[in-house]
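# Remarks on the overall topology
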Amino acid sequence: MDAQKKIHHRYLCGGLTKLKASSEHTDTVLVVGDCSFPCHRTVLAAMSAYFCAMFSSGMRESHDKVITLKGILPVHFEKVLDFLYTGDIELSYDYVVDLLQISSMYQIQALQLICEKFLAKDLCVQNCIFNWKIAVSYNCPLLEEKAFWHMTENFPELKHSKDFLEFSKDELVRYIDADHLNVEKEEEVLQFVTSWLENDLERGEKCVIDIVRHLRFPLMEAKAVNEIILHSSCIQTSSESKEYIQKALKANQNSLFPGMELSSKIFNPRKEHALVMVDGRRQEVCCFTLHSKKLYFLAKFPYFSNAKAACVHQGDIYVSGGSDQQNRMVRFVTEQNRWENCSDLVEPRYFHAMVSVQDFVFIVGGYSKNAAVNPAGIERYDPAKNEISAVGLLAMSVGKMSATAVGDVIYMFGGCVDHYDYLDNEMLFMPTTFQSFNTKTNVACVLGCVPSITIGSQSLTVEDTVYVFSSNGNILTLSDDKTPLIVHVLKSFDQRHFRVVYHQGCFFILQLAAPKFNDEVLVLSWNHQTKEEYVLLWDKLPRTLLDSHWLKVTIGKQHLRYECNRR
């Protein structure tokens, strides 16, 4: 929000607050229980799609001066009304669900989003099922997604919960269908389902065949399955279910039984959230699973590379350039655990940056060994067509910057014109330029300076908020007028070389050139909502080199075969 809008917003809210307090110019009265609330239709219509439609419908309510609202309490509606006029709301767990219900019922999107974020910030094993059901009931996509992730990630802890026994058939099917359900063996899901079936025999007998069709029997061992279903009366009394299970156990995608319909999904292994380390110097690719904390080898990186760039785009990893093969670009297909070549870069680069924006990958900045000047061109790669093209020019050609995007705009932080060695202290005093590139207009500009060291920084975007992590521990965000501001300083953090990844409410700061074998590998975790810091011991992490990249993706469990126990 720029300065003019801030002034306008402050005076507008101040004026509306006075109008509400004085009841001047009110043109309707909302009756809730035994309380009456004089209101202005314009304010109601501006903040609520429900009231906007009501007042323009031509029906009786659009003309009535008194409108009765049912099913809500006056004490809760008063808080909602205060928010509509002032934008201020004080939330509490005692009544936030009531406010969420009201905002959903009357389509007050701003308040609904605020309530969703309030509940989402404290999701845990104990409340994720409750919050998921609330989110589904009141059509809250943000809360629904985050709560469902907690449910799938924490299946080992939740599978014996009584809350699951109250699931409807559709809720149960959606849960066991989730690709990210965190299970070691598919037989655990069958055991979970039989508990649900046996808890209510009448319900279970009615829908047993509909549910077992969603179980991934081709991935189970027949002996274990037969042992489990032997103790399920619902399955034993359903000949159709028993026949289906025995055939599904023997089925594969290339050999199906005549007349038997099988969903392709039951052949797919589950996926797991993981951090993938791409090491260009050793050409190693390792995968660290975020729930089980295990390390696996993935497909070998296809070329020797130092000072490369990398990013995640639509679930796959893209890597480009480097000091040895400056024009090369490759893609790691996570679904297949393999690397494939992409079109070459237009300009040779190393110590540059890559950013995912909408349907494209953008390549910006860096240095070149083959040219007298730094590469100024901004390149756009189209994965659908495997085409790369120059689309603009940097306002200032630098390398070793960090970059991230909000909407259609790429923001770039710091870097330097000259190629300084990583260990050169002079790099700490280089100009900290802050620039941007609009991917729609192809216009670049310098926005100012950054109040911190930004050579070797890391920047990420979370829910449209930019976070920049500096090597001296400063964490910055962009204000409403796009000014970088320091919002937190990490304690005892001073790392020249590090990577940052974000996962479910926390940033994980991973050092590069980690300690040698048998030394501890400490990872710093920072919660951007509570500002709390934690030191985690992830002793499975490999020893990383300065060129290594850490990127968060989801990996199919069929690719997690070769466990790595060395560092």
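Structure: above.
Described below are features of the structure shown in this document. (Residues numbered from 1 in each chain as written. Predicted model: local features only at pLDDT ≥ 70, side-chain atom pairs only at ≥ 80, totals over all residues. Heavy atoms only, no water.)

## Digging into the overall build of the protein chain
When helices and strands are tallied, the protein chain shows 16 helices and 27 strands. In terms of principal-axis extent, the alpha carbons of the protein chain reach across some 75 × 75 × 45 Å. Among the 567 residues that make up the protein chain, the fraction classed as buried is 51%. The contacts of the protein chain with a sequence gap of at least 6 include a subset with a gap of at least 24, amounting to 56%. Accessible surface, the protein chain as shown: approximately 26600 Å² in total, 50% of it carbon and sulfur. Taking the average place of the 58 positive charges on the side chains of the protein chain and the average place of its 68 negative ones, the gap between the two points comes to 3 Å. (Helix = DSSP H or I, 4+ residues; strand = E, 2+ residues; numbered from the N terminus. Buried < 20%, exposed > 50% of the residue type's maximum accessible area, 1.4 Å probe, protein only. Contact = heavy atoms within 4.5 Å. Areas by Shrake-Rupley, 256 points an atom, 1.4 Å probe, with all protein chains shown as cover. Lys, Arg positive; Asp, Glu negative; His and termini not counted. Charge placed at Lys NZ, Arg CZ, Asp CG, Glu CD.)

## Points about the pattern of salt bridges
Summed over the entire model, instances satisfying the criterion amount to 19 salt bridges. The partner of Asp547 in a salt bridge is Lys308, with the nearest N and O atoms 2.6 Å apart. A residue pair is termed long-range when its members are at least 10 positions apart, and Asp547 in the loop between strand S26 (533–537) and strand S27 (549–556) and Lys308 in the loop between strand S6 (295–297) and strand S7 (309–313) qualify at 239 residues. Like Lys308, Asp547 is buried. Arg349 is the partner of Glu379 in a salt bridge, and the nearest nitrogen-oxygen pair spans 2.9 Å. Here Glu379 is found in strand S13 (residues 377–382), whereas its partner Arg349 is found in the loop between strand S10 (338–341) and strand S11 (353–357), with 30 residues between them in sequence. A relative accessible area of 1% means that Glu379 is categorised as buried. Overall, Arg349 belongs to the buried group, its relative accessible area being 0%. Residues joined in a network through salt bridges with shared partners are Asp316, Arg331, Arg338 and Glu340. (Salt bridge = Lys/Arg side-chain N within 4 Å of Asp/Glu carboxyl O.)

## A few points about unusual backbone geometry
Unusually for a residue other than glycine, Glu463 sits at a positive phi of about 50°. Secondary-structure assignment places Glu463 in the loop between strand S19 (458–462) and strand S20 (465–469). When its relative accessible area of 40% is taken as the criterion, Glu463 is described as partly exposed. One non-glycine residue, Lys482, adopts positive backbone phi at about 65°. Taking the relative accessible area as the measure of exposure, Lys482 reaches 37% and is therefore partly exposed.

## Details of the sheet that holds strand S5 (residues 284–289)
Taken in spatial order, the 4 strands make up an open sheet running S6-S5-S4-S27, and their pairing is antiparallel. Each end of this open sheet is capped by a strand with a single partner; those strands are S6 and S27. On average, adjacent strands in this sheet sit at an angle of 35° to one another, irrespective of strand direction. Examined bridge by bridge, strand S4 (residues 271–279) and S5 share 6 bridges and lie antiparallel to one another. Note on S5: the bridge partner recorded for Asp279 is Glu284. (Pairing = 2+ DSSP bridges. Axes fitted to C-alpha atoms, helices over the stretch in contact; angles between N-to-C directions.)

## Concerning the packing of aromatic side chains
Inspection of every chain in the model, using the stated rule, returns 36 aromatic pairs. Relative to Trp538, the ring of Phe508 lies with its centre 5.1 Å away and its plane at 55°, an arrangement referred to as tilted. Remark: Trp538 occurs in the loop between S26 and S27 and Phe508 occurs in strand S24 (residues 506–511); sequence separation between them is 30 residues. Under the relative-accessibility criterion, Phe508 is labelled buried at 9%. The exposure class assigned to Trp538 is buried, which follows from its relative accessible area of 7%. What links up through ring pairs into an aromatic cluster is the set Trp132, Phe148, Phe155, Phe164, Phe167, Tyr175 and Phe192. Above the face of the Phe148 ring, Arg174 is positioned so that its terminal group lies 4.8 Å from the ring centre. A cation sits over an aromatic face here: Arg380 above Phe360, 4.5 Å from the ring centre. (Phe/Tyr/Trp six-rings, centres within 6.5 Å; stacked < 30°, edge-to-face > 60°. Lys NZ or Arg CZ within 6 Å of the ring centre and 35° of its normal.)

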